[in-house]
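Each chain, written out:
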Amino acid sequence: MTLVAGVDSSTQSCKVVVRDAETGALVRSGRAAHPDGTEVHPQAWWDALTSAITEAGGIDDVAAIAVGAQQHGMVCLDESGDVVRPALLWNDTRSAQAATDLIAELGERHGGGAQAGARAWAQAVGSVPVASFTATKLRWLAEHEPANAERTVAVCLPHDWLTWRLGGAESLAALATDRGDASGTGYWSPATGDYRLDLLEMAFGRTPQVPTVLAPDGSPGATKTGARLGAGTGDNAAAALGVGAELGDVIVSIGTSGTVFCVAAGPSADETGIVAGFADATGRFLPLVCTLNAARVLDAAAAMLRVDHAELAELALSAPAGADGLVMVPYLEGERTPNRPHATGALHGLRLGNATPAHLARAAVEGLLCALADGLDAIVAQGAAVQRVILIGGGARSAAVRQLAPAVFGVPVVVPPAGEYVADGAARQAAWVALGPQEPPQWTIEGTETYEADPTPQVRQAYAEARELVLDRTPPA
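So, how was this worked out
- Residues numbered from 1 in each chain as written.
- Predicted model: local features only at pLDDT ≥ 70, side-chain atom pairs only at ≥ 80, totals over all residues.
- Heavy atoms only, no water.
- Helix = DSSP H or I, 4+ residues; strand = E, 2+ residues; numbered from the N terminus.
- Contact = heavy atoms within 4.5 Å.
- Buried < 20%, exposed > 50% of the residue type's maximum accessible area, 1.4 Å probe, protein only.
- Pairing = 2+ DSSP bridges.
- Axes fitted to C-alpha atoms, helices over the stretch in contact; angles between N-to-C directions.
- Parallel < 35°, antiparallel > 145°, perpendicular 65-115°, else oblique.
- Nonpolar A, V, L, I, M, F, W, Y, C, P; charged D, E, K, R; others polar.
- Phe/Tyr/Trp six-rings, centres within 6.5 Å; stacked < 30°, edge-to-face > 60°.
- Lys NZ or Arg CZ within 6 Å of the ring centre and 35° of its normal.
- Core = buried A, V, L, I, M, F, W, Y, C linked by side-chain atoms within 4.5 Å.
- Left-handed = near helix turned anticlockwise from the far one by under 90°.

K.L.:
In this structure, what is going on with the side chain of serine 398? I would like to understand it.
P.N.:
Inspection of the secondary structure assignment puts serine 398 in the loop between strand 21 (388-392) and helix 13 (399-409). If we ignore the near neighbours within four places in the chain, the residues touching serine 398 are Leu298 and Ala313.

K.L.:
For this particular structure, what's the right way to read the side chain of arginine 467?
P.N.:
Tracing the sequence through the fold places arginine 467 in helix 15 (residues 457-467). You can call arginine 467 buried: its relative accessible area is 17%. Setting aside residues up to four positions removed in sequence, arginine 467 forms contacts with Val329, Tyr331, Arg340 and Asp374.

K.L.:
I would appreciate a short explanation of the environment of arginine 196 in the present structure.
P.N.:
Within the secondary structure, arginine 196 sits in the loop between strand 11 (194-195) and helix 8 (197-204). Given the relative accessible area of 28%, arginine 196 is considered partly exposed. Considering only alpha carbons, one finds arginine 196 and valine 125, 71 residues apart in sequence, at a separation of 7.8 Å. Those residues in contact with arginine 196, other than ones at most four positions away along the chain, are Ala124, Val125, Tyr187 and Trp188.

K.L.:
Help me understand the sheet that holds strand 22 (residues 413-415), please; the structure alone is not making it clear to me.
P.N.:
Pairing between the strands of a sheet comes from backbone hydrogen bonds, and it takes one of two forms, parallel or antiparallel. If you trace the 7 strands from one edge of the open sheet to the other, you get 17-18-16-15-21-22-23, paired in mixed fashion. The strands lining the two open edges of the sheet, one partner per strand, are strand 17 (276-279) and strand 23 (449-451). Here the average twist between neighbouring strands, direction ignored, is 30°. In terms of strand pairing, strand 16 (residues 258-262) meets strand 18 (residues 285-291) through 4 bridges, oriented antiparallel. Among the inter-strand pairings, threonine 259 is bridged to a residue of strand 18, identified as cysteine 290.

K.L.:
For this particular structure, what's the right way to read the packing of helix 12 (residues 357-381) against helix 15?
P.N.:
Relative orientation of the contacting elements helix 12 and helix 15 amounts to 90°, with a least axis distance of 10 Å. Taken together, the axis directions place helix 12 and helix 15 in an arrangement best described as roughly perpendicular. Listed contacts from helix 15 to Glu366, Gly367, Cys370, Ala371, Ala373, Asp374 and Asp377 of helix 12 are Val459, Arg460, Tyr463 and Arg467. For the contact of helix 12 with helix 15, the per-class residue count stands at 5 nonpolar, 1 polar and 5 charged.

K.L.:
What is the right way to look at the pairing of strand 2 (residues 13-20) in this model?
P.N.:
Walk down a regular strand and you will see the side chains alternate between the two sheet faces. Burial analysis of strand 2 places 8 of its 8 residues in the buried class, the great majority of the element. In this structure, strand 1 (residues 3-9) lies alongside strand 2, joined through 7 bridges in antiparallel fashion. Within strand 2, the residue paired with valine 7 across the bridge is valine 16. Where strand 1 hands over to strand 2, the hairpin turn is made up of 3 residues, counted between the paired strands.

K.L.:
Looking at this model, I keep getting lost on the packing of aromatic side chains. Mind explaining?
P.N.:
Given two aromatic rings, their pairing is described by the distance between the two centres and the angle made by the two planes. Taken as a whole and judged by the stated rule, the model has 2 aromatic pairs. Pairing phenylalanine 133 with phenylalanine 278 gives two aromatic rings, centres 6.3 Å apart and planes at 45°, and the pair type is tilted. Of this pair, phenylalanine 133 sits in the loop between helix 3 (114-125) and helix 4 (134-144) while phenylalanine 278 sits in strand 17, and the two are 145 residues apart along the sequence. Phenylalanine 278 shares its class with phenylalanine 133; the two are buried. Considering the side-chain rings of tyrosine 187 and tyrosine 195, the 6.3 Å spacing of their centres and the 25° angle between planes classify their relative orientation as stacked. Note on tyrosine 187: relative accessible area 3%, which makes it buried. Its end group placed over the ring of tryptophan 46, arginine 165 keeps NZ or CZ at 4.4 Å from the ring centre.

K.L.:
Before we go on, may I ask you to explain the nonpolar core in this structure?
P.N.:
Soluble globular proteins tend to pack their nonpolar side chains together in the buried interior. Counting 56 residues, the largest nonpolar core has Val252, Ile254, Leu391 and Phe409 as the members making the most contacts within it. Here the element with the most residues in this core is helix 12; it accounts for 14 residues.

K.L.:
Is there a simple way to think about the pairing of strand 3 (residues 26-33) in this case?
P.N.:
Pairing geometry for strand 2 and strand 3, over 7 bridges, is antiparallel. Bridged to valine 16 within strand 3 is glycine 30. From the end of strand 2 to the start of strand 3, which pair antiparallel, there are 5 residues, and glycine 24 there has a positive phi angle of about 80°.

K.L.:
Explain unusual backbone geometry to me, please; I cannot follow it from the model alone.
P.N.:
Trans peptide bonds make up most of the peptide bonds, and negative phi angles are found at most residues other than glycine. Backbone geometry at arginine 306 places phi at a positive 60°, although glycine is not the residue there. Residue position: arginine 306 is located in the loop between helix 10 (295-305) and helix 11 (309-318). A positive phi is found at alanine 323, a non-glycine position, where the angle reads about 50°. Mapped onto the elements, alanine 323 comes out in the loop between helix 11 and strand 19 (327-329). Under the relative-accessibility criterion, alanine 323 is labelled buried at 0%.

K.L.:
Hey, could you run me through the packing of helix 1 (residues 42-55) against helix 6 (residues 158-166) in this one?
P.N.:
Two quantities define a packed helix pair, namely the angle between the axes and the distance from one axis to the other. At a closest axis distance of 11 Å, the pairing of helix 1 and helix 6 adopts a crossing angle of 55°. Judged by the inter-axis angle, helix 1 sits oblique to helix 6. Helix-helix and strand crossings are classified by hand; for helix 1 and helix 6 the assignment is right-handed. Along its contact with helix 1, which presents Pro42, Gln43, Trp45, Trp46 and Leu49, the element helix 6 presents Pro158, Trp161, Leu162, Arg165 and Leu166. Grouping the amino acids of the contact of helix 1 with helix 6 by side-chain chemistry returns 8 nonpolar, 1 polar and 1 charged.

Following this line, the structure appears as structure tokens:
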């Protein structure tokens, strides 16, 4: 039996799975927590990875290992390869103004304003900058921490850094990445397959070293134990691999962030900035919509009602569709889609008749799903033909989410069993490297469930009206 390992280094934790390369059968696994916060020293990721590997029984017997990790995070290295400062994560919104500035500056270069800038960014790299992107964080660093910016010789992403460490971290020249993760930096083009170093220089003031972009089945080397390293990828591209998504499938992942994405045959370029035109981990493309608020909306609602998640779902399912007019707009941590980094959550339509725990629970679940359905609409507007939604992530474990999702999305919803699909996708990529076929090996997922329901357009309409009432304003100092 040939064994491979896959890693999911997410915002909250690190998971490691060891699987049979040919069948995908799970052999063993491990897990370790990450610290909280929107900036984290990468050493914490390494410590968690080594702990998770130990809990998984080690990787001495695996033929290959690949890393899937949170996208966008800014990891800055000095000339010795040491970390310059804690990494700014995707959910750190301090670079929101930097995103606005970069859009305006490129617009000026193209003889227009912000609209021209957004169009130029979309055409250049498939996406319009938001606070999440690495390019905007580099601009923030240059403006607010010039000494750290001056020390920065190389910039990479979380999965790049972990792969580099697994390979021995002997030279900055060994830094490598893949199409999927590179496409989230703001300075690499999925359409051309090239870095846009002119945009990197515009953002940072100069051009630091960036990782080599490997082919989907490429390898940057091997671990000290001899396991071949897969190229690795970002978490969403890894999840698409993990669930075996094909053309026509839309994946909705409800984790720390909420993501809506699909496998596409060609690149996209949405100048509105709603859809990020990413690449995937197979050589195709991955148009994606991301929200900052996802599973933690359920956490917050459960905390407010002082119930556990099972009780929250039971309450939500006991209330009518639309919660008798109570609508939650769940922008609890600002929002990325729509781009409202300083917005807050809101409840609308509160009356005596719907001021109950059941109505609040229903409004929370519907609000979460409606925010994701807005992303589904945007994907469709980019040309995606949606046949079904594959629902994954911690939030998919909620009975209320599973049952209400097809009514809100308007299409059948397939829910695979709870699993570590980012880590599984990384393991599948590792198997691709280990076995050497032309395509990733086909692994079957057993135990999927399909949910169908009549659409509830009135819920979407009420949410859309409430959403437009939310303000985006900087909090007082």
